[in-house]
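Spelled out from the first residue to the last, the chains are:
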There are 4 protein chains.
Amino acid sequence: MPGNSFGTIFKLTTFGESHGTAIGGIIEGCPSGLELNMEAIQNELDRRKPGQSKITTQRKESDRVEFLSGIFEGKTQGTPIGFIIPNQDAKSKDYSHIKDVYRPSHADFTYDAKYGLRDYRGGGRSSARETACRVVAGAIARQLLKNVSIQAYVSQVGKEKLDKGYQELDLSLTESNIVRCPDPEAAGRFMALIERVRKEGDTLGGIVSCVIKGVPPGWGEPVFDKLHAELGKAMLSINAVKGFETGSGFATVEMKGSEHNDRFEEGGGTATNNSGGIQGGISNGEDIYFRVAFKPVATVMQDQTSVDKEGKEAVVKGKGRHDPCVVPRAVPIVEAMAALVLADHYLISKTNKI
Amino acid sequence: MPGNSFGTIFKLTTFGESHGTAIGGIIEGCPSGLELNMEAIQNELDRRKPGQSKITTQRKESDRVEFLSGIFEGKTQGTPIGFIIPNQDAKSKDYSHIKDVYRPSHADFTYDAKYGLRDYRGGGRSSARETACRVVAGAIARQLLKNVSIQAYVSQVGKEKLDKGYQELDLSLTESNIVRCPDPEAAGRFMALIERVRKEGDTLGGIVSCVIKGVPPGWGEPVFDKLHAELGKAMLSINAVKGFETGSGFATVEMKGSEHNDRFEEGGGTATNNSGGIQGGISNGEDIYFRVAFKPVATVMQDQTSVDKEGKEAVVKGKGRHDPCVVPRAVPIVEAMAALVLADHYLISKTNKI
Amino acid sequence: MPGNSFGTIFKLTTFGESHGTAIGGIIEGCPSGLELNMEAIQNELDRRKPGQSKITTQRKESDRVEFLSGIFEGKTQGTPIGFIIPNQDAKSKDYSHIKDVYRPSHADFTYDAKYGLRDYRGGGRSSARETACRVVAGAIARQLLKNVSIQAYVSQVGKEKLDKGYQELDLSLTESNIVRCPDPEAAGRFMALIERVRKEGDTLGGIVSCVIKGVPPGWGEPVFDKLHAELGKAMLSINAVKGFETGSGFATVEMKGSEHNDRFEEGGGTATNNSGGIQGGISNGEDIYFRVAFKPVATVMQDQTSVDKEGKEAVVKGKGRHDPCVVPRAVPIVEAMAALVLADHYLISKTNKI
Amino acid sequence: MPGNSFGTIFKLTTFGESHGTAIGGIIEGCPSGLELNMEAIQNELDRRKPGQSKITTQRKESDRVEFLSGIFEGKTQGTPIGFIIPNQDAKSKDYSHIKDVYRPSHADFTYDAKYGLRDYRGGGRSSARETACRVVAGAIARQLLKNVSIQAYVSQVGKEKLDKGYQELDLSLTESNIVRCPDPEAAGRFMALIERVRKEGDTLGGIVSCVIKGVPPGWGEPVFDKLHAELGKAMLSINAVKGFETGSGFATVEMKGSEHNDRFEEGGGTATNNSGGIQGGISNGEDIYFRVAFKPVATVMQDQTSVDKEGKEAVVKGKGRHDPCVVPRAVPIVEAMAALVLADHYLISKTNKI
């Protein structure tokens, strides 16, 4: 209940602050007998790690996952999979200047308000470093979901947009550039913008789109745990996310029912897919797709006015090593969270009928 | 786990199909000693009920809630509050024509896929009638949250928009018109549009905005159960919702970090509120606000092609009694779900510090 | 979380005070497509109901269950099964004398301590009337567990014991007498003792034994949710239960390892069954059996000294209509709780392996 | 849900096999600001560790806990406390002989039945080594429960009994001997018996009694999560436990209601305490006490017949390093589990009243 767990049967519980000894987690409910590709797991971590390219933070965190239990002779045992990721590049001294000052739009103030104290070394528990654990669990969930493909990509950075539907894109190109945009032309615009804003010491937000293929009809629970509500919570729980839309999303508002309805066709499937693969909270076999809005990174390389713990005005200096735009690194996180939701509902669906 | 419960300490579990004997629920975790205003609860139900005005469905459901337990001498007992709402205006014969046909963008097909059978009388469990139970529980949650105000209103219908921030509006006017829009001019446009589309036998979507004042700093859990992630799931679990955004939302994407950051001010509070009252998943004492996108109602008064259970083409006749636009009736549902999230996190916050 | 739910996938949530309008509950997670025998459900309720025979309380509660949802055309729908049991024979005036006095060994004082108030009409939420809801849910769980038989019986009343193992008994005789003891000789002793103590205005405790056959190997979760730990909690949550033992139980303490170990045999199974069908928390295919100790009924027909709400001495008058010994009526409750545990673990077991 | 978590607000989730890299866990919900005595935590682990004395297994496991998160500057942060205990003395080769043979009354067969495979190096996940994690979490729970004392001790070994109530004992003597019995005379009998049986290559069971003082009235939830039901589940989830009784326990069965009832007295409290400090599932302020029955250790130093994976007869050789009687080492585990239950209900009780 205290907010560190995700899922019901396939369930991840995490721990860890950005500058403690290690972060880590426990994955429960993964069925036994799954042969794991360990390289594929590490590969997902590498996609998320800082310092991958010139547009990401220059912190170099090797992010090596160590599995401590639940895997034997290459296979899952049905028992909990414990893992840790040591914090190697933690430079505590970098953060002493923010011990008593509240950084704008960070969680310093709210953690103090909630807990009466906080680990002031970096973001502590509120750091996005925590998402590395999600990526580990998501990589295992993905291997469980053999026939499902989950592909996210960057579709907007600041005001620069990729104005194509996912059907028009070759998603195999996503990893071919450092902004993780499958459209080379848009990728160029995104990179140029990020580079320009980085030089200003400023930051950008963006949108990650995600497409899921291969989910059979029948996953998702009615009422409160609708499949898209679970996906929405999953995405909104990622640091910096401010919005989520599924299928036709906010644009749906401007359509009429007669235009929006997805008519069933002989031979199976629907003629259109405004529903985004989910009807009544349950998958219908069509592609699931959604979009996630990320705010600009709160840490800017400019001085900002703020207050200290006593409520007195103070200046937050612009320094440190941070991403000018997180969305390229958010792509594997979005995919991981989607995989966690789907793995859980896949297992739940095994209990629906006699 | 099976998706019929919402909340952890303050928790609602619901049951009921649209054409069964009754719908109802159990509210657990409401602290003892709360003196309930029963009229206020019924009033919320009346705000949600069908047949309120010419722009809503003409089905007349009286929606009288009967409390069966947990309340004695006007006060909550700390024990579970059981309640039912009898289904009075259920005309089963109206629905026999859809027994074997899948209505476009309804949950008929997905329920059959999931469960191998379904209650074909109306929407069954997938009917929005289920939201009446949420309104009952939300009305009690609201009474627990004495210093918190939760106010939702309609800010868009189809392509007609209310282009004002909530700060420019007099929210006390929301109930003064049948579309629940606090701006009389926009309300007029909304009503005219709904009336026009209703005559076409078509339907509209819309946006409900919600503003929450009075939440103290410190509510919400870090990581997976961030306050806005919980609000997002709550809203996305309401029938017909396709999108959710909080604070600066999707528009945030186009801002730079230096513009977007909310600077803390001497004397408390922040100069701007792009964060929407939540930082790091925890309330910061500022107003919480968000927007919820509803798709157009799937039931149109026009014939539509579809398929039957055998996959053969079939026609779904446009008939029945349905809303041309649900957003006005969705206003109390959005408020109820927000109240459930907040009541739960209020109680959780009591256990955060020694 | 607030203690009114039992189970994780197959899950019962209950509500209701003894003298409110009704008690009831919601059964979630029952798979769809189960054809229900409604008579069998009512029959279980009748086995539990008061006033069955001269040795039970003379209160006549008809205990008719009304299902409100989740069942259509005789089959479960996969959706939550809501039900109520109206409180028909509630005579509130009978209880006014205990409004301000704490009955010894009842929950009057502890409810006041916990909640600051209580429904003083009878036991309120602490009344064993609540167990009727468990019996309803258990009767459905039982129908889901087609190949499992669950048979409980009375094996001790006060100092009178049935000194035979379950293997020596013909359990089909359990229902042939009003004390629910399959051994006619012991049944005679039990009845005579109850009759004698009833005339003294006093009450008796007893032991219910339970045997479960047909559970395949592999049910139960390791570590915290061991199958016998779940059964133990289930039984200890029944009113008046003070002890639980499984397999060789407390007697095991006096055995050596070499005597106690259950050796596996060629052809399957174990030579002995001291483990009671569960090893490492997981069923091994042998019979599961356990014993449950019930304290004597707290309500005696004699005056007792106690204190009132102000802590002043007061007398609790011996009056009302109560059982001199609850164990015969506890038999169907023990069976129901066992069925709930097993149905849940049956469903969980579907997700253990890929 | 998958059985590796205990508690709702104060919650422990564990992982780890006996011969993997490490065991460990995550403690969630511990309030922030608790100053931890780290030595006291390690001390509890030392009380549980193997190789403490000649009557325990000669395996030498240092059992050093390493905290990875949630603690900063000596205080809990409100964030999850991650910890590991490396497995240092794991000799995998010792266990190869049981790879394909099912040891009697161990969990080898049931794990294979459940998961289709198992980690055959020692007990794997079913090893009692897992309880070290419970001891760590329990030691923290204990520090949260400042005014509560939890004291367990050995009251029976094989047929040798300590026939005194806890009120007659000086519980401060429990740690003065290696069998953890506060009565020197009984301790001598217990030690002599264990020594004798150890030489026979056989093993013994025993009983651990536990007394809890200082719990205020009002902890525990009605109906399914009664305080003694939670304690019962906690104890029954410990390896080798076969029975649990609270208050007057199984002996209660032979008492009449008029003898058994605990009468309230002027000035507070009850004249007797057959209820064991809990009425209606809720603490009443009196001492809580209960007894836990442990079966004899399944690993004996004698050859035993069994079957192999193919169902063919096989011999399990008596070798390895094991306890002849686990109950002395079970004392800190019983205390730890009791502390976990109480810490959870302490936090829950904060949300009961407005």
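Coordinates for the structure precede this section.
Residues numbered from 1 in each chain as written. Chains lettered and ligands numbered in written order. Predicted model: local features only at pLDDT ≥ 70, side-chain atom pairs only at ≥ 80, totals over all residues. Heavy atoms only, no water.

A.B. asks: Please give an account of the overall build of chain A that cites residues and values.
C.D. replies: Counting secondary structure elements, chain A contains seven helices and 16 strands. Taken over the C-alpha trace, chain A has a radius of gyration of 21 Å; the compact-globule value for 354 residues is 20 Å, and the two agree within 12%. With the principal axes as the frame, chain A shows a C-alpha extent of 65 × 50 × 35 Å. Within chain A, the fraction of its 354 residues that count as buried is 69%. Partitioning the contacts of chain A with sequence separation of at least 6, the portion at a separation of at least 24 is 70%. Surface exposure of chain A reaches about 10,900 Å², of which carbon and sulfur atoms provide 47%. For chain A, the distance from the average position of its 45 positive side-chain charges to the average position of its 45 negative side-chain charges is 4 Å. (Helix = DSSP H or I, 4+ residues; strand = E, 2+ residues; numbered from the N terminus. Rg over C-alpha atoms; globule rule 2.2 N^0.38 Å. Buried < 20%, exposed > 50% of the residue type's maximum accessible area, 1.4 Å probe, protein only. Contact = heavy atoms within 4.5 Å. Areas by Shrake-Rupley, 256 points an atom, 1.4 Å probe, with all protein chains shown as cover. Lys, Arg positive; Asp, Glu negative; His and termini not counted. Charge placed at Lys NZ, Arg CZ, Asp CG, Glu CD.)

A.B. asks: Help me get a handle on the interface of chain A and chain B, residues and values and all.
C.D. replies: Between chain A and chain B, the contact holds 107 residues from the first and 107 residues from the second. For the pair chain A and chain B, the summed buried area comes to about 8,500 Å², and 60% of that belongs to carbon and sulfur atoms. Among the residues of chain A in contact with chain B, K114, F224 and F264 of chain A are the three that bury the most area, contributing 11% of the side total. Summed over the shared surface of chain A and chain B, the result is 10 salt bridges. (Buried area = accessible area lost by both parts, 1.4 Å probe. Salt bridge = Lys/Arg side-chain N within 4 Å of Asp/Glu carboxyl O.)

A.B. asks: Which residues make up the sheet that holds strand β7 (residues 81-86) of chain B, and what are the values?
C.D. replies: Residue and element names in this part refer to chain B. Reading across the sheet, the five strands line up as β1-β2-β3-β7-β4 and stay open at both edges, with antiparallel pairing between neighbours. Whereas interior strands pair on both sides, the edge strands pair on one side only; in this sheet they are β1 (5-6) and β4 (66-67). The pairing of β4 with β7 spans two bridges and is antiparallel. Bridge pairing in β7 links E66 to I84. This element, helix α3 (residues 131-144), spans β2 (11-15), β3 (22-28), β4 and β7 of the sheet and lies at about 140 degrees to β7. (Pairing = 2+ DSSP bridges. Axes fitted to C-alpha atoms, helices over the stretch in contact; angles between N-to-C directions.)

A.B. asks: An account of the sheet that holds strand β8 (residues 149-157) of chain A is needed here, citing residue identities and associated values.
C.D. replies: Strands belonging to one sheet form pairs held by backbone hydrogen bonds; the direction of such a pair is parallel or antiparallel. Reading across from one edge, β9(A)-β8(A)-β10(A)-β14(A)-β11(A)-β11(B)-β14(B)-β10(B)-β8(B)-β9(B) is the order of the 10 strands in this open sheet, with antiparallel pairing throughout. What marks the edges here is a single partner per strand, and that holds for β9 (160-161) of chain A together with β9 (160-161) of chain B. Two elements, β8 of chain A and β9 of chain A, share two bridges in a ladder whose sense is antiparallel. Bridge pairing links Q156 of chain A to K161 of chain A in β9 of chain A.

A.B. asks: Explain the interface of chain C and chain D residue by residue, including any values.
C.D. replies: Tallying the contact residues gives 107 residues for chain C and 107 residues for chain D. Of the roughly 8,500 Å² buried between chain C and chain D, counting both surfaces, carbon and sulfur atoms make up 60%. Here chain C and chain D share 10 salt bridges between them. Between K233 of chain D and E230 of chain C there is a salt bridge; the shortest N-O distance is 2.8 Å.

A.B. asks: Please provide a residue-by-residue account of the relation of the copies chain C and chain D, values included.
C.D. replies: After a rotation of 180 degrees and a shift along the axis of 0.0 Å, chain C superposes on chain D with an RMSD of 0.0 Å. The symmetry that links the two subunits is that of a two-fold axis. Of the interface residues in chain C, 100% have counterparts in chain D that sit at the interface too, so the contact is made through matching surfaces. (Least-squares fit on C-alpha atoms with pLDDT ≥ 70 in both.)

A.B. asks: Requested: an account of the relation of the copies chain A and chain B, with residues and values cited.
C.D. replies: Note on the copies: chain A fits chain B at an RMSD of 0.0 Å, the axial shift is 0.0 Å, and the rotation between them is 180 degrees. A share of 100% of interface residues in chain A that are also interface residues in chain B marks the association as one of identical surfaces.

A.B. asks: Mind laying out the pairing of strand β16 (residues 313-316) of chain C, listing which residues take part and the relevant values?
C.D. replies: A regular strand places its side chains so that they alternate between the two faces of the sheet. Residue and element names in this part refer to chain C. Of the two faces of β16, the one lined by A314 and V316 is fully buried and the one lined by E313 and V315 carries no buried residue. As paired strands, strand β15 (residues 304-307) and β16 are joined by four bridges and run antiparallel to one another. Paired with Q304 across the strands is V316, a residue of β16. As consecutive antiparallel partners, β15 and β16 are separated by five residues, and within that stretch G311 has a phi angle of approximately 85 degrees, a positive value.

A.B. asks: Tell me about the environment of R118 of chain D, residues and numbers included.
C.D. replies: In this fold, R118 of chain D is placed in the loop between α2 (108-115) and α3 (131-144). With a relative accessible area of 9%, R118 of chain D lands in the buried category. Note: C-alpha distance between R118 of chain D and A107 of chain D (11 residues apart in sequence) is 9.9 Å. Filtering out sequence-adjacent residues up to four positions away, R118 of chain D remains in contact with F72 and Q77 of chain A together with I98, K99, V101, Y102, D108, Y111, D112 and K309 of chain D.

A.B. asks: Help me get a handle on the nonpolar core, residues and values and all.
C.D. replies: Core analysis: the biggest nonpolar cluster contains 340 residues, and F290 of chain A, F290 of chain B, F290 of chain C together with F290 of chain D have the highest contact counts within it. Discounting residues that sit within four places of it in the chain, F290 of chain C has contacts with V208, S209, C210, I212, L231, M235, F244, E245, T246, V334 and A338 of chain C. (Core = buried A, V, L, I, M, F, W, Y, C linked by side-chain atoms within 4.5 Å.)

A.B. asks: So, the environment of H97 of chain C: which residues are in play, and what are the values?
C.D. replies: Residue placement: H97 of chain C occurs in the loop between β7 (81-86) and α2 (108-115). C-alpha separation for the pair H97 of chain C and E200 of chain C, spaced 103 residues apart in sequence, amounts to 22 Å.

A.B. asks: Could you give an account of the layout of surface pockets, with specific residues and numbers?
C.D. replies: If you add up the space inside the largest pocket, you get close to 860 Å³. What lines the largest pocket is a set of 44 residues, among which E245 and F250 of chain C together with E245, F250 and R291 of chain D lie closest to the centre. Across the lining of the largest pocket, the residue classes tally to 18 nonpolar, 16 polar and 10 charged. The volume enclosed by the second largest pocket comes to roughly 480 Å³. The wall of the second largest pocket is formed by 24 residues, among which E245 and F250 of chain A together with E245, F250 and R291 of chain B lie closest to the centre. Of all elements in the fold, only β14 (288-294) of chain A together with β14 (288-294) of chain B reach the threshold of two or more residues within the lining of the second largest pocket. (1 Å grid on protein atoms, 1.4 Å probe; cavity = no way out; pocket = protein on both sides within 12 Å on 5 of 7 lines; lining within 4 Å. Points joined across faces, edges and corners; volume = space filled by probe spheres on them. Nonpolar A, V, L, I, M, F, W, Y, C, P; charged D, E, K, R; others polar.)

A.B. asks: Hey, could you go over the packing of helix α1 (residues 38-48) of chain B against α3 of chain B for me, with residue numbers and the actual values?
C.D. replies: Residues and elements named next belong to chain B. At a minimum axis separation of 9 Å, α1 and α3 run at an interaxial angle of 140 degrees. The element α1 and its partner α3 pack so that their crossing is right-handed. Contact with α1, carried on its side by A40, I41, E44, L45, R47 and R48, involves T131, A132, V135, V136, A139, I140, R142 and Q143 of α3 and no other residues of that element. Per-class residue counts for the contact of α1 with α3 are eight nonpolar, two polar and four charged. (Left-handed = near helix turned anticlockwise from the far one by under 90°.)

A.B. asks: I'd like to hear about the pairing of strand β8 (residues 149-157) of chain B, residue by residue, with values.
C.D. replies: All names here are of chain B. When you tally the buried positions in β8, you get seven out of nine residues, the bulk of the element. Pairing of β8 with strand β10 (residues 206-213), which is carried by eight bridges, proceeds in the antiparallel orientation. In the sheet register, A152 faces β10, and the bridge partner there is C210. A loop of two residues connects β8 with β9, the two strands running antiparallel in sequence, and G158 in this loop sits at a positive phi of about 55 degrees.

A.B. asks: Please set out the pattern of salt bridges residue by residue, giving values where relevant.
C.D. replies: All chains considered together, the criterion is met by 108 salt bridges over all chains. Residues R291 of chain B and E245 of chain B are paired through a salt bridge, measuring 2.7 Å at the closest nitrogen-oxygen approach. Here the residue R291 of chain B occupies a position in strand β14, and E245 of chain B occupies one in strand β11 (residues 241-246), the gap between them amounting to 46 residues. Since its relative accessible area comes to 29%, R291 of chain B is described here as partly exposed. With relative accessibility at 10%, the residue E245 of chain B sits in the buried group. The closest approach of N and O atoms between D108 of chain D and R118 of chain D, which form a salt bridge, is 3.8 Å. Here R118 of chain D lies in the loop between α2 and α3 and D108 of chain D lies in helix α2, a separation of 10 residues in the sequence. Of the two residues, D108 of chain D and R118 of chain D, both sit in the buried class.

In short, geometric facts, not functional conclusions.
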